[in-house]
Amino acid sequence: MNKIILVGGIGRKPEFGYTRNNKPYLRLVLATERYLGKDDQGNIKTATDWHVVRLYGKRAESLA
């Protein structure tokens, strides 16, 4: 099992629903920002990365 911790902001309203097998799921989009350095004028440059996160079962229900 791999474990990561993403800290960011929710990009849109989470989607809660059920699979064909009637298993609950939650889909959300998370935006994280990473530091790219500074440009020639000394301004900080960053990039936004978007992550689609899917949760199933009891965890999906509890977070919905």
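Everything below is about the structure shown above.
### Overview of the nonpolar core
Stage number 1. Core analysis: the largest hydrophobic core is formed by 5 residues, namely L26, L28, L30, L55 and A60.
Stage number 2. For this core, the element with the highest residue contribution is strand β3 (residues 24-38), accounting for 3 residues.
Stage number 3. In contact with L26, not counting residues within four places along its chain, are P14, E15, F16, V53, R54, L55, A60, L63 and A64.

### Focus: the pattern of salt bridges
Stage number 1. This model, assessed by the stated rule, comprises 2 salt bridges.
Stage number 2. Put simply, R27 and E15 hold a salt bridge, and the shortest N to O gap is 3.5 Å. Here E15 lies in strand β2 (residues 15-18) and R27 lies in strand β3, a separation of 12 residues in the sequence.
Stage number 3. In this structure E15 comes out as partly exposed when scored by relative accessible area, which is 34%.

### Observations regarding the packing of aromatic side chains
Stage number 1. According to the stated counting rule, one finds 1 aromatic pair in the structure shown.
Stage number 2. A ring pair is formed by F16 and Y18, whose centres lie 5.4 Å apart and whose planes are at 75°; its orientation type is edge-to-face.

### Digging into the pairing of β3
Stage number 1. Here 2 bridges tie strand β1 (residues 9-10) to β3, and the two strands are oriented antiparallel to one another. Bridged to I10 within β3 is L30.
Stage number 2. Summarising the sheet, β2 and β3 pair through 4 bridges and their orientation is antiparallel. Its bridge partner lying in β3, E15 is registered against R27.
Stage number 3. Counted along the chain from β2 to the antiparallel partner β3, the turn is 5 residues long, and its residue N22 has a positive phi close to 65°.

### Quick word on the environment of R34
Stage number 1. Take R34: it is sitting in strand β3.
Stage number 2. According to the relative accessible area criterion, R34 is partly exposed, its value standing at 42%.
Stage number 3. Excluding anything up to four places from it in sequence, R34 contacts K45, T46, A47 and D49.
Stage number 4. At 2.7 Å, the side chain of R34 forms a polar contact with the side chain of D49.

### A short note on the environment of F16
Stage number 1. Looking at where F16 falls in the secondary structure, it is placed in strand β2.
Stage number 2. Along the chain, F16 and L26 lie 10 residues apart, while their C-alpha atoms are 4.5 Å from each other.
Stage number 3. Residue contacts for F16: discarding those within four places in its chain leaves P24, Y25, L26, A60, E61 and A64.

Conventions adopted
- Residues numbered from 1 in each chain as written.
- Predicted model: local features only at pLDDT ≥ 70, side-chain atom pairs only at ≥ 80, totals over all residues.
- Heavy atoms only, no water.
- Core = buried A, V, L, I, M, F, W, Y, C linked by side-chain atoms within 4.5 Å.
- Buried < 20%, exposed > 50% of the residue type's maximum accessible area, 1.4 Å probe, protein only.
- Helix = DSSP H or I, 4+ residues; strand = E, 2+ residues; numbered from the N terminus.
- Contact = heavy atoms within 4.5 Å.
- Salt bridge = Lys/Arg side-chain N within 4 Å of Asp/Glu carboxyl O.
- Phe/Tyr/Trp six-rings, centres within 6.5 Å; stacked < 30°, edge-to-face > 60°.
- Pairing = 2+ DSSP bridges.
- Polar contact = N/O pair within 3.5 Å; in protein donor to acceptor, adjacent residues only side chain to side chain.

Keep in mind these values describe shape, not function.
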